[in-house]
Amino acid sequence: MTTSFQKKARGKVLQIPGAKPSLYNNQLLVSTGIPSLDQLLGGGLAVGTVMLVEEDTFGSYARLLLKYFCAESVMTGHSLMVSSADNDPDQLLKELPRPILDDPGVKEEANITVGEDDSMKIAWRYRHLPKFQSSSTAVKFGHYYDLSKTMEDDLVSTINVKMIGSEDIMQSPACNNHNPKYLHLLKSIQECIEVGGFGTSATPEKRNILRIAMHSLGSPLWGENGGLQPDDHYDPSLIKFLLGLRAILRSSFGVCVVTIPTHLFCDKAFINRVERMCDTVVHLDSFVGSEREKNPAYKEYHGLFNIKKLPSLNTLVCHMPESLDLAFKLRRKKFVIEKLHLPPDLSETASRSQEDPVPKLAAGSSCGTGGSGKSKLDF
């Protein structure tokens, strides 16, 4: 007797250095450079998506997240594209944190010696770094970095980097009813994907991932006025750019992290449109300059980390972290995101105990009973 049953063969897993498939939806993931953030996102940042980081008031912490993202590109050998109108993109690459090549479980002090032997040891590690990256199965997912030190220029020069600064953006040709700077940036991204072979339809000899880092997109230097034109008409340039960017990344091996100063936009409806055009949205609420900076309850943290949106890819329900009450702290050498733990308010409890003391019961008496021995409680 014959049957039409056939055993389903397991598909070939695409192996790319610095990437791994998700355990939830089999989506290809890359690290953001911050292990605690990767865990909140369900294992990492999904390839083909756009992550929006809503900047804090001064933008220092959002810029730090972008440095981690670019530093991870150097450690995994991914191609990198950096664009910024506020600062020189080359300056961002010079400020990347230095990687810690020791295992996380081993104390750093045990592997550091003072003197000439230390420099020789570090040089020996970096000399073997490209050989370590040549095997896609040997590369671990995510790295740890030391914020007190910057990455060497020789290590940064090992990857392909394309930078789009303010000079390139200012030379953009004029376009009717559309911001020419956004249009120039979108065309540059599409050209980089086609030339570099990052599209899903391309068949390069060795598949790689393109990381796109955009710093302070939508700032006044980009010609953005919170969705308004000079004549107070609606300007959908930023919305169209994010929509086109997400459409391009959906059919490519590219991932983008963009920081936008949404605190400069007055229209909340416009902010909601910007958030809907991105797959992952996080907001950094810094304590600098606010009343919470002096609040003893938040003395261990530097700000709140709010997750506004998580992607739903190849599934009906997105991954949800254990808790959404999150905060971040910036230590001397690393940036950490953890669950917000507030201390108990002992002063209020102490004041109540002093105002309403518990009466002492006399010997032989019982709670809630009168002299007749019957209960005075009404059920």
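The rules behind each value
- Residues numbered from 1 in each chain as written.
- Predicted model: local features only at pLDDT ≥ 70, side-chain atom pairs only at ≥ 80, totals over all residues.
- Heavy atoms only, no water.
- pLDDT = per-residue confidence, 0-100.
- Contact = heavy atoms within 4.5 Å.
- Pairing = 2+ DSSP bridges.
- Helix = DSSP H or I, 4+ residues; strand = E, 2+ residues; numbered from the N terminus.
- Expected span 1.5 Å × (residues − 1).
- Buried < 20%, exposed > 50% of the residue type's maximum accessible area, 1.4 Å probe, protein only.
- Core = buried A, V, L, I, M, F, W, Y, C linked by side-chain atoms within 4.5 Å.
- Phe/Tyr/Trp six-rings, centres within 6.5 Å; stacked < 30°, edge-to-face > 60°.
- Lys NZ or Arg CZ within 6 Å of the ring centre and 35° of its normal.
- Salt bridge = Lys/Arg side-chain N within 4 Å of Asp/Glu carboxyl O.
- Polar contact = N/O pair within 3.5 Å; in protein donor to acceptor, adjacent residues only side chain to side chain.
- Right-handed = clockwise from strand over helix to strand, strands pointing away.

## Digging into the confidence of the model for the protein
Piece 1. In this model, the protein carries an average pLDDT of 80, and 75% of its residues clear a pLDDT of 70 or more.
Piece 2. Predicted confidence is poor over residues 126-139, with pLDDT under 50, and the contacts of this stretch with residues over four places away or in other chains come to 22 contacts.
Piece 3. Here residues 358-379 scores under 50 on pLDDT; set against residues more than four positions off or in separate chains, the count is five contacts.

## Looking at the sheet that holds strand S1 (residues 19-21)
Piece 1. Judged by pairing direction, the sheet is antiparallel, and its three strands sit side by side in the order S1-S2-S3 without closing on themselves. The sheet is open, and its two edges are formed by S1 and strand S3 (45-46), each paired on a single side.
Piece 2. Pairing of strand S2 (residues 28-30) with S3, which is carried by two bridges, proceeds in the antiparallel orientation. Across the sheet, residue valine 30 finds its bridge partner in S3, namely leucine 45.

## Focus on helix H9 (residues 237-250)
Piece 1. If you check H9, its first and last C-alpha atoms are 20 Å apart, about what 14 residues at 1.5 Å a residue would give, namely 20 Å.
Piece 2. Where H9 is concerned, the buried positions are Ser237, Leu238, Ile239, Phe241, Leu242, Leu245, Arg246, Ile248 and Leu249.
Piece 3. Turning to H9, the residues buried within the fold contact strand S4 (50-54), helix H8 (180-196), strand S9 (210-215), strand S10 (254-260) and helix H10 (268-276).

## What to know about the pairing of S10
Within a regular strand, side chains alternate between the sheet's two faces.
Piece 1. Counting buried positions along S10 yields seven of seven residues, so the element is predominantly enclosed.
Piece 2. Covered by surrounding structure in S10 are Gly254, Cys256, Val258 and Ile260 together with Val255, Val257 and Thr259, the residues of both alternating faces.
Piece 3. Pairing between S4 and S10: five bridges, direction parallel. Paired with leucine 52 across the strands is valine 258, a residue of S10.
Piece 4. The sheet contact formed by S9 and S10 spans five bridges and is parallel. Across the sheet, the residue bridging to isoleucine 212 is cysteine 256, located in S10.

## As for the nonpolar core
Piece 1. In terms of nonpolar packing, the biggest core is built from 47 residues, with Phe305 and Phe335 touching the most fellow members.
Piece 2. Looking at this core element by element, the count peaks at 11 residues for helix H2 (residues 60-76).
Piece 3. Residue contacts for phenylalanine 335: discarding those within four places in its chain leaves Ile34, Tyr61, Leu64, Leu65, Tyr68, Leu147, Phe328, Lys329 and Leu330.
Piece 4. Counting 35 residues, the second-largest nonpolar core is a separate cluster that includes Leu52, Met81, Tyr182 and Phe270.

## Observations concerning the packing of aromatic side chains
Piece 1. Tallying each qualifying case throughout the model produces seven aromatic pairs.
Piece 2. Residues tyrosine 68 and tyrosine 145 carry aromatic rings whose centres are separated by 6.0 Å and whose planes lie at 70 degrees to one another, so their mutual orientation is edge-to-face. Pair noted here: tyrosine 68 is in helix H2 and tyrosine 145 is in strand S7 (residues 144-150), with a separation of 77 residues, a long-range link.
Piece 3. Residue class for tyrosine 68 comes out buried when judged on its relative accessible area of 3%.
Piece 4. Arranged with centres 5.9 Å apart and planes meeting at 20 degrees, the rings of tyrosine 182 and tryptophan 222 form a pair that is stacked. Residue tyrosine 182 is located in helix H8, and its partner tryptophan 222 is located in the loop between S9 and H9; the two are separated by 40 residues in the primary sequence.
Piece 5. With relative accessibility at 0%, the residue tryptophan 222 sits in the buried group.
Piece 6. Here a set of aromatic residues connected by ring pairs shows up, and it is made of Tyr61, Phe328 and Phe335.
Piece 7. Over the ring of phenylalanine 141 we find lysine 20; its NZ or CZ atom is 4.4 Å from the centre of that ring.

## What to know about the pattern of salt bridges
Should the charged atoms of two oppositely charged side chains come close, the side chains can pair.
Piece 1. Applying the stated criterion across every chain, the model contains 10 salt bridges.
Piece 2. Between aspartate 279 and arginine 246 there is a salt bridge, and its shortest N-O distance comes to 3.8 Å. Taken together, the residues span a long stretch of sequence, with aspartate 279 in the loop between H10 and strand S11 (280-286) and arginine 246 in helix H9 at a distance of 33 residues.
Piece 3. Classification of arginine 246 as buried rests on a relative accessible area of 18%.
Piece 4. With its nearest N and O atoms 3.1 Å apart, the salt bridge here joins glutamate 338 to lysine 329.
Piece 5. Judged by its relative accessible area of 10%, lysine 329 is buried.
Piece 6. Salt bridges linked by common partners bring Glu54, Glu275 and Lys308 together as one network.

## Things to note about the side chain of threonine 76
Piece 1. The residue threonine 76 is located in helix H2 in this model.
Piece 2. Here serine 73 takes part through its backbone oxygen, which lies 3.5 Å from a polar atom of the side chain of threonine 76.
Piece 3. There is a polar contact of 3.2 Å between the side chain of threonine 76 and the side chain of histidine 78.

## Observations concerning the pairing of S9
Piece 1. Most of S9 is tucked away: six of the six residues are buried.
Piece 2. Relative to S9, strand S5 (residues 79-84) is paired through six bridges, and the arrangement is parallel. Across the sheet, serine 83 pairs through a bridge with methionine 214, a residue of S9.
Piece 3. After leaving S9, the chain enters H9 and then returns to the sheet as S10, a path that is right-handed.

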